[in-house]
Amino acid sequence: DGLHTSFSGELPTLVVHNTDQPGCVSQVTGVLAGRGLNVATLQLNRGGRGGSAVMVIECDQPIPEGMADYLRTLPGIVRCTYLNMGEAD
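Visitor: Describe the pattern of salt bridges, and please don't skip the residues or the numbers.
Guide: Applying the stated rule across the entire model yields 2 salt bridges. As a salt-bridge pair, Arg46 and Asp20 come within 2.8 Å of each other at their nearest N and O atoms. Note that Arg46 is positioned in strand 2 (residues 39-46) and Asp20 in the loop between strand 1 (13-19) and helix 1 (24-34), a separation of 26 residues in sequence. For Asp20, a relative accessible area of 22% gives the class partly exposed. With a shortest N-O distance of 2.2 Å, Arg72 and Asp69 are connected by a salt bridge. Take Arg72: its relative accessible area is 36%, and that puts it in the partly exposed class.

Visitor: Give a description of the pairing of strand 3 (residues 52-59) that names residues and reports values.
Guide: The element strand 3 is extensively covered by neighbouring structure, given that 7 of its 8 residues are classed as buried. In the sheet, strand 2 pairs with strand 3 via 7 bridges, with the strands oriented antiparallel. Across the sheet, residue Leu42 finds its bridge partner in strand 3, namely Ile57. The turn linking strand 2 back onto strand 3 is made up of 5 residues, and Gly50 within it adopts a positive phi angle of 80°.

Visitor: Report on the nonpolar core, specifying residues and quantitative values.
Guide: Counting residues in hydrophobic clusters, the biggest one holds 17 residues, and the most contacted among them are Leu14, Val28, Leu32 and Leu71. Where this core is concerned, the elements lending two or more residues are strand 1, helix 1, strand 3, helix 2 (67-71) and strand 4 (77-83). The element contributing the most residues to this core is helix 1, with 4 residues. Setting aside its immediate chain neighbours within four residues, Val28 contacts Val16, Met55, Ile57, Leu71, Leu74 and Ile77.

Conventions and cut-offs
- Residues numbered from 1 in each chain as written.
- Predicted model: local features only at pLDDT ≥ 70, side-chain atom pairs only at ≥ 80, totals over all residues.
- Heavy atoms only, no water.
- Salt bridge = Lys/Arg side-chain N within 4 Å of Asp/Glu carboxyl O.
- Helix = DSSP H or I, 4+ residues; strand = E, 2+ residues; numbered from the N terminus.
- Buried < 20%, exposed > 50% of the residue type's maximum accessible area, 1.4 Å probe, protein only.
- Pairing = 2+ DSSP bridges.
- Core = buried A, V, L, I, M, F, W, Y, C linked by side-chain atoms within 4.5 Å.
- Contact = heavy atoms within 4.5 Å.

Everything listed here is a matter of geometry and, on its own, says nothing about what the molecule does.
Now the structure itself:
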């Protein structure tokens, strides 16, 4: 999609592709907070106002099974990928 991101891969990470519209970030972070997950880092990038956007969210805890599937059902979310390449402290 041409959007650039960077992350360490040391923490459980969600890569969320969404449309750039109000509320997408708060929806996703609200779901995470509701499950007791702490966001360690959050990066936002977009191609332009109202276009494609991507959030890279690194969490302190492993992401519960099914969370990426659930996030995909939220309005404005196009794709969500969960990466866990290392163990969280």
